[in-house]
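Structure assessment
The lines below spell out each chain.
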Amino acid sequence: MTSAHVTFGEVAAERRISNIPLSHVSVELGHLYMDDFEAGRDALRRQFERVRPWAETVTQINEGRVRRPRISTCFLIDDYFTRFSTPSVVIGDLLAASEAAGLRIDYIARESGCAVADGVPLAELVHARLVPDPPPGTNGSRPPPHESGWLSNGERSPSGGVDEAMGQVAAWLPPRENAARHHSIFLDVEMWTDEGDRRIWSCPYLAAVWQLLRLGLLRDDGRPVAVPVPAPDPLPDDWDDLPAIIQMVPSAPPFAAYTTMSVLSSRFLPVEHAVRVILGQVSISAAVLEQTVRRGADENLEIPRDILKRIGYAIPGEI
Amino acid sequence: MPSPARSDAGGDGAGILIGEVHTGLLLNSASLRQDMLPAVLGLLPGERVRSFERPISHAVSPELLVGVDCDLSTASGTRVRGIGTLAVRAAITGGRVLQGSAWTRLMGGHAEHRLPWSHYLARPGVVETVGRRRNHPYHADLADGFLDRTNNRKAPGIDFGAICGQIMGEVQRSPYLDRRSPFKAARTTLRWVAEESPERRIGFILGDDGSRTTRITFDGQPISAVIELCEDLALHDWLLSTLLDVIDRGMPSDGPHETMMRRIRPAVDHLIHLWMPGARVVESLLPLWESLDTKPGFTRQWDTLVNRIRDQLALRTLTLLSASAEGVPGRNEQGIRS
Amino acid sequence: MLVIATSDKGGTGRSVTSCNVAYRRALQGSDVCYLDFDFGSPTSGAIFSIDPVSRGTEGGGLHSYLQGKIAEPQRIDVWRQTDRETLRSRPPGAGRLVLLPGDQGGGEFSMTKDILQRCTKLFVRLLEEFDLCVVDLSAGRSYAAELVLAATAQQELRGVPHRWLVFHRWTRQHVIAASGLVYGRRGLIEAGAERGHDSQVLADSIRFVRTAVVNPDSEELAGLRPTQVVWLLDCNKDLQELARQHQLGRTMVLATIPLDPVLQMREQLISDRDVWASQIANAATVAAFDQLARRIADDAAWDEL
Ligand SMILES: Nc1ncnc2c1ncn2[C@@H]1O[C@H](COP(=O)(O)OP(=O)(O)OP(=O)(O)O)[C@@H](O)[C@H]1O
Ligand SMILES: [Mg+2]
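Along each chain, numbering runs from 1 in the same order as the chain's sequence is written. Working convention: letters from A go to chains and numbers from 1 go to ligands, in the order in which they are written. Note on the predicted model: pLDDT of at least 70 is required for a residue's local features to be given, and 80 or more for side-chain atom pairs to be given and counted; whole-chain, interface and lining totals, by contrast, use all residues. The side-chain figures draw on all heavy atoms in the structure; neither hydrogens nor water molecules are used.

The name recorded for chain B in an unreviewed UniProt entry is SCO2521 family protein, from Actinoallomurus spadix.

What follows is the structure, encoded as structure tokens:
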């Protein structure tokens, strides 16, 4: 007896994950707040001048490792916490200052785009993927205790008080980092606050989404999100009319990369610690993770599955 | 910064797969329409609900992860700490039956101590044991410990039940359901272990209170195929248990027919057409299902029950016919002829 | 369906009656569970004669569950665990009868958002498996009552029928107190409306149960002096009038449970054997329990007045 080989598929049952182009490294040249902007063009240029040697070092290191490194640069503007000036003025000043300092900015992103990019609620998508770091003794019996809007790297101190009438009074205990060896560095990060109907995401939270975008790890139902678009000409007058990420240099290597490198002043250290506490608890879709690792292998590169290992910094003092 | 590839993958081979499937009735008056499934099972925004229409309506939620760090159950009582994640998902079959399914792969870990959490999230659905151990007896100890629900010397281990219960609860509380089911049914729980082996084996044990255990081997099939087999097994075991219960209660030898009908009706309307063993099982694992169907003979028992119900219903129709024939003079011949 | 048993005063017979009603309903073929929400004194295990949990369980009961210490509260199969041999093993055609006990040594606790959510989850969970969930609250305006009022107003439970039984003894004080609990300041209707209930719908889902009622015409009272009988009849008439004035007149009464000699001595389930074989309990008591068990689920008995 012979049997026919039958294939049958249903479209609604298939999960397809888009591939997106990847560079080797995404270098962040800086992060612009209103204060920095108001300090003027010269201040901006000086800042870029101080960043430049670090950016060049990244290129040198990578040239030693891979034959033709693809390195893209990017710059993030805060239009989320404070709104200032207009895109055309701010971006014009930025480009002039970086050019004067001998730096090329390939992509410019706005911070609001980390909350909602072109209609896709990125911050919420990432929030749904949080898998909290379980304190020792967690066996799934009950959902881990959580404080709405907060995420920590360990166990909080019990809040004290009495649960039941005539029950025992709880004694104070110190908080504890889950991965502590001997001593703890406990950190509790505020991810958001609600103001009426509006959820305000915190700066480290949006910065965590920013890292995920730069690593090309986010998808919406398998589709890429916050895809860079060529800079509109002329630039709009309203930030809301600007796409989440715009491409300034047509020939630039891809925005997203296997790894990221951020050149930041040391005052951002606590923010980046918080970013890592958040990112360490985001579960990346296994399919996307696999895709990146396979792509790397095709280029003969070993890409660590652990995303924290792909995120690097240069953190000089006040620059 | 990327570094050139190295070849070693680390770890200790495939490890063993352990999991649990809980099965119950969806809390809705009508069976859920196909187009509602994505809304009800969309538990992770940005991830698609997979749905199938053939041969029977079936949809699966995206997989969620749950973190654990606890002592695992071992048959010997040896302390083994496991850290990592379980995958869990919900599924709805025939718009009627809800399942919560959680699993993980137990593997020998890389370290003597706990690593940063990002390490574990990079291996979704894997629980790593802390400390290096020899391979084989150690796996058997974990598998036996996991399947044995009575041994109280051992650590309670990962609470798969709570995790399955959690995700099923989430579905049952969906705003798209009306929570008025046409009948009530107890849940069953299937605890399973799957080990990689060229030798084909399957065992199934029926316990009290709707608890079952099964132990199977697989040989190169993807993990997803193993999980689907276990879910299919759990689904049919639940159908059988529920129908048995309905009949036990609905057919006391001398009860009035109305009571019997009230009890049996929902089962006839909502369950009988759902029997489709192996419908979603990959071909290479089907022999396992088939051997289980030979002994203890799921399908045989199911057919017997269904026939019993049909006989009762036929009898009922006959009684009705003769009753109306007696009650309404002159309708006699018509009644018999039609 | 959820049936919530409450009373203003303690010792009304709320627990004993609702346990017996749960038992009767199971005998009638429904799957029934009984939740001990009397958090200050969780002793329903004793009524079901389940010795290990007679004062609550040590294995993680409703207190532990609602406070988030365990994933699911312990369930006890009454048919299997009861110490009374005559009740053990489920009769053919009967449904499941499951007790969810409180914690041993458990005390009252106030309601938080998390506790409310867990309570709602639990009700949804049980509605999947049981035709009837009987929730026995603490007496009076308690945290338990507040919790259940709030939970039944949640979106998840909106489509699910829930009915309230208010138990009271047949005395002046009890009639007035029961009325106060339902219609008074911070009573069920007012507090329920504040928590999102429609007060009319809520009011329509409340009925009263009179417990341990002495029937002046019954043969047990045949030995009374005529003056006593006249006095009893007068009192009864006055009470009827008082009840009517306080909105718990006849139409609002779902059942009247007669005084029973067995229950007067001991809190327990009354089996048919207790009536027919050993003849220690009255047939009228069992008939009243049985009828109440039927009326609980009988929409006609609850139709608007
Ligand atoms: N129909 C009855 N006839 C005689 N005694 C009864 C009757 N119903 C209940 N009792 C008795 O009344 C007493 C109080 O009953 P029960 O404990 O059920 O009341 P309760 O309202 O639940 O009290 P609490 O507020 O303390 O929980 C018990 O001793 C019980 O046996
Ligand atoms: Mg009581």
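From this point on, the discussion continues.
Let us now look at unusual backbone geometry. A negative phi angle characterises most non-glycine residues, just as the trans form characterises most peptide bonds. Omega for the bond connecting Asp 233 of chain A with Pro 234 of chain A falls within 30 degrees of zero, at 0°, which places this linkage in the cis form. Here Pro 234 of chain A is to be found in the loop between strand E12 (229-230) and strand E13 (245-247). Following Arg 54 of chain B, the chain continues into Pro 55 of chain B via a peptide bond in cis, with omega recorded as -5°. You can see Pro 55 of chain B is positioned in the loop between strand E3 (50-52) and strand E4 (58-60). Positive phi values are uncommon outside glycine, yet His 182 of chain A reaches one of about 70°. A helix here means a DSSP run of H or I that spans at least four residues, while a strand means a run of E at least two residues long, and both kinds are numbered starting from the N terminus. Along the chain, the position of His 182 of chain A falls in the loop between strand E6 (176-177) and strand E7 (188-190). Think of it in three bands: with a 1.4 Å probe and only protein chains considered, a residue is buried below 20% of the maximum accessible area for its type, exposed above 50%, and partly exposed in between. Note on His 182 of chain A: relative accessible area 77%, which makes it exposed. In the Ramachandran plot, Asn 300 of chain A falls in the positive-phi region, its phi being about 65° despite a non-glycine side chain. Tracing the backbone shows Asn 300 of chain A in the loop between helix H8 (286-298) and strand E15 (301-302). Owing to a relative accessible area of 52%, Asn 300 of chain A belongs among the exposed residues under this scheme.

Residues and elements named next belong to chain B. The buried count for strand E6 (residues 81-93) comes to twelve of 13 residues, which makes it a mostly enclosed element. Pairing between strands requires that DSSP locate at least two bridges from one strand to the other. Inspection of the sheet shows E4 paired to E6 by three bridges, in the antiparallel sense. By the bridge assignment for E6, His 58 is matched with Thr 93. The sheet contact formed by E6 and strand E7 (residues 97-108) spans seven bridges and is antiparallel. Across the sheet, Ala 91 pairs through a bridge with Gln 99, a residue of E7. What sits between E6 and E7 in their antiparallel hairpin is a turn of three residues, with Gly 94 showing a positive phi close to 60°.

Bringing the confidence of the model for chain B into the picture now. Scored by pLDDT, chain B comes out at a mean of 85, with 83% of its residues at no less than 70. By definition, pLDDT measures how confident the predictor is in each residue, and it falls between 0 and 100. Note on contacts: a residue pair qualifies if any of its non-hydrogen atoms lie within 4.5 Å across the two residues. Per-residue pLDDT stays below 50 along residues 328-338 of chain B; that stretch engages in two contacts with residues further than four places along the chain or on separate chains.

At the junction of the two partners, chain B supplies 40 residues and chain A supplies 50 residues. Buried surface area refers to the total accessible area, computed with a probe of radius 1.4 Å, that the two partners give up upon joining, counted for both partners together. Summed over both partners, the interface of chain B with chain A comes to about 3,900 Å²; 54% of that surface belongs to carbon and sulfur atoms. For this document, the term salt bridge refers to a Lys or Arg side-chain nitrogen within 4 Å of an Asp or Glu carboxyl oxygen. Across the contact surface, chain B and chain A share three salt bridges. Polar contact is defined as a pair of N or O atoms within 3.5 Å, subject to the rule that within protein one atom must be able to donate a hydrogen and the other to accept it, and that residues adjacent in sequence are counted only when both atoms are side-chain atoms. Between chain B and chain A we count 13 residue pairs in polar contact (both at pLDDT 80 or more) in total. Looking at the side of chain B that touches chain A, the elements with two or more residues in it are strand E1 (3-4), E3, strand E5 (64-71), helix H2 (117-121) and helix H4 (160-172) of chain B. Broken down by element, the residue count for the side of chain B that touches chain A peaks at six residues, all from E5 of chain B. For this scheme, ten residues count as nonpolar: Ala, Val, Leu, Ile, Met, Phe, Trp, Tyr, Cys and Pro. Four count as charged, namely Asp, Glu, Lys and Arg, and the remainder, Gly too, count as polar. Here the residues of the side of chain B that touches chain A sort into 20 nonpolar, nine polar and eleven charged.

Residues and elements named next belong to chain C. Spatially, E3-E4-E2-E5-E1-E6-E7-E8 is the arrangement adopted by the eight strands of the open sheet, whose pairing is mixed. The open sheet has two edge strands with one neighbour each: strand E3 (76-77) and strand E8 (253-258). Where strand E1 (residues 2-7) and strand E6 (residues 162-169) come together, six bridges link them in parallel fashion. From the neighbouring strand, Thr 6 faces E6, where its bridge partner is Val 166. For every element, the axis is a line fit to its C-alpha atoms; helices are fit only across the contacting stretch, and the angle between N-to-C directions ranges from 0 to 180 degrees. Sheet strands touched by helix H7 (residues 172-183): E1, E6 and strand E7 (206-213). Its angle to E6, the strand with the most contacts, is close to 155°.

This part covers the pattern of salt bridges. Going through the model one piece at a time under the given rule, you end up with 50 salt bridges over all chains. Salt-bridge contacts for Glu 290 of chain A lead to Arg 305 of chain A; the nearest nitrogen and oxygen are separated by 2.8 Å. Here Arg 305 of chain A lies in the loop between E15 and strand E16 (311-314) and Glu 290 of chain A lies in helix H8, a separation of 15 residues in the sequence. Taken together, the salt bridges that share partners define one network made up of Asp 31, Glu 72, Arg 75, Arg 96, Arg 125 and Glu 129 of chain C.

Let us now look at the site of ligand 1. All names here are of chain C. If a single non-hydrogen atom of a residue is within 4 Å of a molecule or strand, that residue counts as near it. Taken together, 18 residues lie near ligand 1, and Ser 15, Val 16, Arg 169, Leu 263 and Glu 267 sit nearest. In this structure, Thr 12 approaches ligand 1 through a side-chain N or O atom, which is 2.8 Å from an oxygen atom. Measuring from an oxygen atom of ligand 1, one finds a side-chain N or O atom of Asp 38 at 3.4 Å. When ligand 1 is considered free in solution it has 630 Å² of accessible area, and contact with the protein chains removes 82% of it. Going through the elements one at a time, helix H1 (14-27), E8 and helix H11 (261-265) are the ones with two or more residues in the shell around ligand 1. Per-residue and other accessible areas were derived by the Shrake-Rupley procedure at a 1.4 Å probe size, with only the shown protein chains allowed to occlude residues.

Here the focus is the interface of chain A and chain C. Listed as interface residues are five residues of chain A and, on the opposing side, eleven residues of chain C. Of the roughly 590 Å² buried at the junction of chain A and chain C (both faces included), carbon and sulfur atoms supply 41%. Put simply, chain A and chain C have zero salt bridges between them. Applying the counting rule to chain A against chain C returns one residue pair in polar contact (both at pLDDT 80 or more).

Now for helix H7 (residues 269-279) of chain A. Turning to H7 of chain A, its buried residues number three or more, namely Glu 272, Ala 274, Val 275, Val 277, Ile 278 and Leu 279 of chain A. Turning to H7 of chain A, the residues buried within the fold contact strand E4 (150-152), E7, helix H6 (203-214) and E16 of chain A.

All right, on to the packing of aromatic side chains then. Aromatic rings from Phe, Tyr and Trp, with only the six-membered ring used for Trp, were paired whenever their centres fell within 6.5 Å, and each pair was classed as stacked if the ring planes differed by under 30 degrees, edge-to-face if by over 60, and tilted otherwise. On inspection of all chains with the given rule, the structure shows 19 aromatic pairs over all chains. The interplanar angle of 50° and the centroid separation of 5.6 Å between the aromatic rings of Phe 48 of chain A and Phe 75 of chain A together place this pair among those described as tilted. With Phe 48 of chain A in helix H2 (residues 41-63) and Phe 75 of chain A in strand E2 (residues 71-77), this residue pair connects regions lying 27 residues apart in the sequence. Judged by relative accessible area, which is 3%, Phe 48 of chain A ranks as buried. With a centroid separation of 5.3 Å and an interplanar angle of 65°, the aromatic rings of Phe 146 of chain B and Phe 160 of chain B are classed as edge-to-face.

The next subject is the domain arrangement of chain B. Residues and elements named next belong to chain B. The domain architecture assigned to chain B consists of domain 1 (16-222) and domain 2 (240-324). Residue ranges for the domains trace back to a domain assignment, done automatically or taken from a database. Here domain 1 and domain 2 have C-alpha centroids that lie 28 Å from each other. Taken together, the contact pairs 20 residues of domain 1 with 18 residues of domain 2. Taking both partners together, domain 1 and domain 2 bury about 1,700 Å²; carbon and sulfur atoms supply 76% of that area. Inspection of the region where domain 1 meets domain 2 yields zero salt bridges. Among the elements of the structure, strand E10 (202-206) and strand E11 (211-218) are those that each provide at least two residues to the side of domain 1 that touches domain 2. The element contributing the most residues to the side of domain 1 that touches domain 2 is E11, with four residues. Looking at the side of domain 1 that touches domain 2 residue by residue, the classes come out as ten nonpolar, six polar and four charged.

Residues and elements named next belong to chain A. Spatially, E12-E13-E3-E2-E1-E14-E16 is the arrangement adopted by the seven strands of the open sheet, whose pairing is mixed. The open sheet has two edge strands with one neighbour each: E12 and E16. As paired strands, strand E3 (residues 107-110) and E13 are joined by three bridges and run antiparallel to one another. Its bridge partner being in E13, Ala 109 is matched across the sheet by Ile 245.

Residue and element names in this part refer to chain A. Grouped together as the largest cluster of nonpolar side chains are 57 residues, with contacts concentrated most on Leu 122, Leu 212, Ile 278 and Leu 279. For this core, the secondary-structure elements that each account for two or more residues are E2, E3, helix H4 (112-115), helix H5 (122-128), strand E9 (198-201), H6, H7 and H8. The greatest single-element share of this core, amounting to eight residues, is contributed by H6. What Leu 279 contacts, discounting residues up to four positions off in sequence, is Ala 208, Gln 211, Leu 212, Ile 307, Leu 308 and Ile 311. To form a nonpolar core, buried Ala, Val, Leu, Ile, Met, Phe, Trp, Tyr and Cys residues must be joined to one another through side-chain atoms within 4.5 Å.

Here the focus is helix H7 (residues 286-294) of chain B. Each α-helix winds once per 3.6 residues, and so residues spaced three or four apart point in a common direction. Residues of H7 of chain B that are buried: Leu 288, Trp 289 and Leu 292 of chain B. Down the axis of H7 of chain B, the sector holding all buried residues measures 100°, keeping them to one side. Note that the arc is computed from the directions linking the helix axis to the C-beta atoms.

Attention now goes to the packing of H6 of chain A against H7 of chain A. All names here are of chain A. Where H6 meets H7, the axes come as close as 8 Å, and the angle between the chain directions of the two elements is 65°. Here H6 and H7 pass one another in a crossing that is right-handed. Residue-level contacts link Cys 203, Pro 204, Tyr 205, Ala 207, Ala 208, Gln 211 and Leu 212 of H6 to Val 271, Glu 272, Ala 274, Val 275, Ile 278 and Leu 279 of H7. Here the contact of H6 with H7 is built from residues that sort into eleven nonpolar, one polar and one charged. By definition, any crossing whose near helix is turned counterclockwise from its far helix by less than a right angle is left-handed, and any crossing with a clockwise turn is right-handed.

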